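Close look at the chain arrangement
This is what each chain is made of:
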Amino acid sequence: MGELKTVFIPDIGDFEDVPVIEVFIKAGSQVNAEDPLIALESDKATIDIPAPFSGVVKEIKVKSGDKVSEGTAIAIMELTEKATDEAEAVEESKDVEPSNKPENSEEVVLDKDSEEQAQSQSQLQPAKNTTTAESIAEAEQKKIPQTDSSVIAACDETVSSKAHAGPSVRRFARELGVNLDLITGSGPKQRILKEDVQAFVKAKLSQVQMDSKNTGMAAALDLLPWPQVDFAKHGPVEIKSLSRIKQIAGANLYRNWIMIPHVTQFDEADITDLEALRKESNTTEKKDAVKLTLLSFLMKALIASLKKFPEFNASLDKNANGETNLVIKRYYHIGFAVDTANGLVVPVIRDVDQKGVVAIARELGELAAFAREGKLKPTQMQGASFTISSLGGVGGTAFTPIINAPEVAILGVSKAVYKPIYRENQFVPRLVLPLSLSYDHRVIDGAAAARFTSHLAEVLTDMRLALL
Ligand code: CAO
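Notes on the structure in this doc start here. Remember, predicted model here, so these are calculated numbers, not experimental data.

What follows concerns unusual backbone geometry. Leaving glycine aside, a negative phi is the common case for residues, and trans is the common case for peptide bonds. With an omega of 5 degrees, the peptide bond between A405 and P406 qualifies as cis. Of note in the backbone geometry, N425 takes a positive phi value of approximately 65 degrees without being a glycine. Here N425 shows up in the loop between β18 (417-423) and β19 (426-440).

The next point concerns the packing of helix α9 (residues 294-308) against helix α10 (residues 357-373). For the pair α9 and α10, the least separation of the axes is 9 Å and the interaxial angle reads 125 degrees. One element, α9, and the other, α10, form an angle in the oblique class. The handedness of the crossing between α9 and α10 is right-handed. Residues L295, S296, F297, M299 and K300 of α9 pack against V357, I360, A361 and L364 of α10. Classifying every residue of the contact of α9 with α10 by side-chain character gives seven nonpolar, one polar and one charged.

The next subject is the site of the ligand. Lining the immediate surroundings of the ligand are 20 residues, of which K291, D339, R372, S389 and A416 lie closest. Between the ligand and D339 there is a distance of 2.9 Å, counted from an oxygen atom to a backbone nitrogen or oxygen. For the ligand, an oxygen atom lies 2.8 Å from a polar atom in the side chain of R372. Here the ligand, which alone exposes 960 Å², has 67% of that area covered by the protein. Only α9, β13 (338-340) and β16 (386-390) provide two or more residues apiece to the shell around the ligand. Split by residue class, the shell around the ligand holds nine nonpolar, six polar and five charged.

Procedures and definitions
- Residues numbered from 1 in each chain as written.
- Predicted model: local features only at pLDDT ≥ 70, side-chain atom pairs only at ≥ 80, totals over all residues.
- Heavy atoms only, no water.
- Helix = DSSP H or I, 4+ residues; strand = E, 2+ residues; numbered from the N terminus.
- Axes fitted to C-alpha atoms, helices over the stretch in contact; angles between N-to-C directions.
- Parallel < 35°, antiparallel > 145°, perpendicular 65-115°, else oblique.
- Left-handed = near helix turned anticlockwise from the far one by under 90°.
- Contact = heavy atoms within 4.5 Å.
- Nonpolar A, V, L, I, M, F, W, Y, C, P; charged D, E, K, R; others polar.
- Near = heavy atom within 4 Å.
- Polar contact = N/O pair within 3.5 Å; in protein donor to acceptor, adjacent residues only side chain to side chain.
- Areas by Shrake-Rupley, 256 points an atom, 1.4 Å probe, with all protein chains shown as cover.

Okay, structure coming up:
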């Protein structure tokens, strides 16, 4: 049997008669040095009291609700061999460096963590080569706008004192300059773990990068700086990082929105007959046949319009002399936006002009399924000459899609609805499909856009025109 040692409440600063709010150990539990034994809640802070050494808990001397002060016995532990060394090391370090003793008890047992902490902190580093926590905190403090003060107010213990976190996590947060009050813990009883602090810092760093991009852009365009709001001041917040797809798509959308002078042309197509044909085909086709979707007919109709108006199937390009040319594509690869759980992806059906509606519908279904399962290959998302974004299955009457550079136009489609259309001296119910065509005004004039959507509407109304 190993040596029995009593663990006492260490120096907890000026606190006296602090209530025990949680006991983490049970008689017989194996405890490692630094594992929290009990949690105390003073009027200023939630403090975890960690085990000073590893061992087996023999007897617990406190329970929830007890009031304790420095020197109160917490438990009797049987030291393991490893623990004997640790206990001696703790004693020695106290003897050798009394002047280094931290001001409050939370820090007494923290030094063993420092190497591990430095490692995790270096993983959080941006591109720089420095590895210390100080450099990150310093960088963070320089980068985070000063109005966001509560994020970097962690050194002020009164700010984050109510947060439920252990001493090593508190110190980790302090070193990084993080206000624990802004973090929702993922541990038991929302205890803040080191990983929560790391995730928070990571999210903040990417926000800072975005902010500095915005600041650069704002300065270049002589815009007002982006508003800096400490949202947590106004109510509870949750920080969520964006999916990889959203980050990539977002950067592309941002560039395209800023760099392309967009105009959106709205129109409507009477698809009553087309829908009747589609429904009939779907019922008369064999059971295992592919379902013909509106989008597959739309792609076919689109090819007729792109052939009639080639500048919509084109890209701007600079030649070696820096002159801008229009590259008109004689291929028809159509991208279509797919809504997935992780964000928007755009698979591409190649050579749509050479395929029938059934083949297009089959490929549409397969690519949309791959997109949702995250199985699209990069080659299946490349080479589009024009893109369609269909929200028809979702709803809405119109929208302004963002052009997928280097294309020069994108067709948005909303939900078809029956409308009263005036024909031969009377109103008749017709199924009307809303079209929203965004185009690059450097390449396409408004009149050309109106002609394009009118033509597309005509083809959708009478698909025989697609054969001509
Ligand atoms: N009007 C009315 N109904 C429509 C319609 C339209 N324009 N388009 C589709 N529908 C109907 C379909 O007929 C289908 O109904 P049934 O099952 O009764 O036949 C239902 O809506 C669902 O269709 P769907 O959306 O699953 O299939 P689809 O071929 O029309 O579209 C796809 C496939 C991949 C484009 C679609 O699933 C999708 O992801 N759309 C979202 C695209 C998007 O997010 N765009 C926004 C980009 S900008 O942020």
